[in-house]
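# Results of the structural survey
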Amino acid sequence: MEKSEQQEKRLIAVVGKGGTGKSALTGLMTRILLGSRRLKILLIDADPTMGLCSLLGVKACKTIEDVRNEIIRAAGSGKREDRTRMAHTLDYHILEALIEAKGFGLLAMGEPQTSGCFCPANELLKRAIESLSRNFDVVLIDCEAGLEQITRKVIGNIETLLITTDLSMRGAYTAVAIEKAAHKFTRAKQIGLVVNRVRDGEDSALNLARETEIELFGWIPEDSRLSEWDRAGRPIFDLPEDSPCVVAVGRIMKRMNLGDSSFLPEASFHRE
């Protein structure tokens, strides 16, 4: 992949309540970026459920959780040389977990293999983001649900935060809590709301945005094609270009000035 000389580096995190479509939004953004211009794209599936990997049809052979367990084994061996070697080669082990797919790289958090706090894996993920992001034009992070990866500053250096929600009040409350935490714990210069699974047009999305007082980046309609693809286990890349969800995400990306979006339709909503 050729690196764009003019493309400004973008570090973008997608957050929100569980079940609001974070992975689908990340996958659709990737689909559009791959079709617009040649960029070096890094995807990070930071949710232990690995929903993004599933949507993209990519299998992670090694994850951040696997690296964490290698550290535990090295520490438990009792040999100083093992611990020293692991400390000096940690970035290499992270790089080993990077999947090179067609048009993008992908790093997966992985499912926890032991009980207890997931904090050490999040610390490793933070290091991985810092280590790898400098080599890519666009980094898209599909975060786990809730606030933890924000309050622990796992995504502290992001530039853009996309907060996904559905039309439920619980989703809206979570969105407000996330925005407040983001202002405190991240360097995000651009924070916006994406309302997903909208069935009755833009008015409901606009009303929700007014309630939360978060800038509305856009809304995504309920799309039966996306549901069909998900049930069949088909990669999201196979969705037709005219699918409502693809068109809607294209508009959101144009509003964000993300990548070469000159081919995308204009955003259709307006805030009063």
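For clarity, every value in this text was computed on a predicted model and none was experimentally measured. (Residues numbered from 1 in each chain as written. Predicted model: local features only at pLDDT ≥ 70, side-chain atom pairs only at ≥ 80, totals over all residues. Heavy atoms only, no water.)

## With respect to the overall build of the protein chain
Across its full length, the protein chain holds eleven helices and eight strands. Relative to its full complement of 272 residues, the protein chain shows a buried share of 54%. Counting contacts in the protein chain only where the partners sit at least 6 residues apart, residues at least 24 apart contribute 76% of the total. Carbon together with sulfur atoms contributes 47% to the accessible area of the protein chain, which is approximately 13,100 Å² in total. (Helix = DSSP H or I, 4+ residues; strand = E, 2+ residues; numbered from the N terminus. Buried < 20%, exposed > 50% of the residue type's maximum accessible area, 1.4 Å probe, protein only. Contact = heavy atoms within 4.5 Å. Areas by Shrake-Rupley, 256 points an atom, 1.4 Å probe, with all protein chains shown as cover.)

## What about the confidence of the model for the protein chain?
Averaged over every residue, the pLDDT of the protein chain is 85; residues scoring 70 or more account for 84%. In the model, residues 1-6 has pLDDT below 50 throughout and makes twelve contacts with residues more than four positions away in sequence or in other chains. Low confidence marks residues 261-272, where pLDDT is under 50. Its contacts with residues over four positions away, or in another chain, come to 31 contacts. (pLDDT = per-residue confidence, 0-100.)

## Regarding the packing of aromatic side chains
Enumeration according to the criterion identifies one aromatic pair in this entry. Considering the side-chain rings of phenylalanine 104 and phenylalanine 237, the 5.9 Å spacing of their centres and the 50 degrees angle between planes classify their relative orientation as tilted. Taken together, the residues phenylalanine 104 in strand S4 (residues 104-108) and phenylalanine 237 in the loop between helix H10 (224-232) and helix H11 (244-256) connect sequence positions 133 residues apart. A residue is classified by how much of its surface remains accessible, and phenylalanine 237, at 26% relative accessible area, is partly exposed. In this arrangement the basic side chain of lysine 40 is found over the ring face of phenylalanine 136, its NZ or CZ atom lying 5.6 Å from the centre. Sitting over the ring of tryptophan 229, arginine 234 keeps its end group 4.1 Å from the ring centre. (Phe/Tyr/Trp six-rings, centres within 6.5 Å; stacked < 30°, edge-to-face > 60°. Lys NZ or Arg CZ within 6 Å of the ring centre and 35° of its normal.)

## Digging into the nonpolar core
One finds Ile44, Ile141, Ile155, Leu161 and Ile163 to be the most contacted residues of the largest nonpolar core, which totals 47 residues. Among the elements that make up this core, the one with the highest residue count is helix H6 (residues 119-132) (six residues). Leaving out residues up to four positions away in the same chain, isoleucine 141 has contacts with Leu11, Ile12, Ala13, Val14, Ile44, Ala46, Ile129, Ile155 and Ile158. Counting 40 residues, the second-largest nonpolar core is a separate cluster that includes Leu56, Phe104, Leu226 and Leu258. (Core = buried A, V, L, I, M, F, W, Y, C linked by side-chain atoms within 4.5 Å.)

## Let's talk about the sheet that holds strand S7 (residues 190-198)
Pairing within the open sheet is mixed, and its eight strands lie in the order S3-S4-S2-S5-S1-S6-S7-S8. Strand pairing shows two members of the sheet lacking a second neighbour, strand S3 (99-101) and strand S8 (216-221), which therefore form its edges. Averaged over all neighbouring strand pairs, the angle between strand axes comes to 20 degrees, with direction disregarded. Sheet topology note: the strand S6 (residues 160-165)/S7 ladder contains six bridges and is parallel. Within S7, the residue paired with leucine 161 across the bridge is isoleucine 191. Against the sheet, helix H8 (residues 169-185) touches strand S1 (10-16), S6 and S7, its axis set at about 165 degrees to S6. (Pairing = 2+ DSSP bridges. Axes fitted to C-alpha atoms, helices over the stretch in contact; angles between N-to-C directions.)

## Thoughts on the environment of isoleucine 163
With respect to the helices and strands, isoleucine 163 occurs in strand S6. For isoleucine 163 and valine 14, which are 149 residues apart along the polypeptide, the C-alpha to C-alpha distance reads 6.1 Å. Apart from the residues lying within four places of it in its own chain, the contact partners of isoleucine 163 are Val15, Ala175, Ile178, Glu179, Ile191, Gly192, Leu193, Val194 and Ile214.

## A look at the pairing of S6
Of all six residues that make up S6, six are buried, and the element is covered over most of its length. Burial of the side chains of S6 extends over both faces: Thr160, Leu162 and Thr164 are buried on one face and Leu161, Ile163 and Thr165 on the other. Across five bridges, S1 lies against S6 in parallel orientation. Residue glycine 16 lies in a different strand from S6, and its bridge partner there is threonine 164.

## Thoughts on the environment of isoleucine 71
Relative to the helices and strands, isoleucine 71 is located in helix H3 (residues 64-76). Distance in space between the C-alpha atoms of isoleucine 71 and leucine 90 is 8.7 Å, their sequence separation being 19 residues.

## A closer look at H8
For an α-helix, 3.6 residues make a turn, and residues three or four places apart therefore share a direction. The end-to-end C-alpha distance of H8, which contains 17 residues, comes to 24 Å, matching closely the 24 Å that a straight helix rising 1.5 Å per residue would cover. Each element contacted by the buried residues of H8 is listed here: S1, helix H7 (148-151), S6, S7 and helix H9 (202-212). (Expected span 1.5 Å × (residues − 1).)

## Concerning the side chain of glutamate 179
Tracing the chain through its elements places glutamate 179 in helix H8. We note that glutamate 179 is buried and unpaired, the nearest opposite charge coming from lysine 180 at a distance of 7.5 Å. Setting aside residues no more than four positions away along its own chain, glutamate 179 makes contact with Ile163, Ile191, Glu213 and Ile214. (Lys, Arg positive; Asp, Glu negative; His and termini not counted. Salt bridge = Lys/Arg side-chain N within 4 Å of Asp/Glu carboxyl O.)

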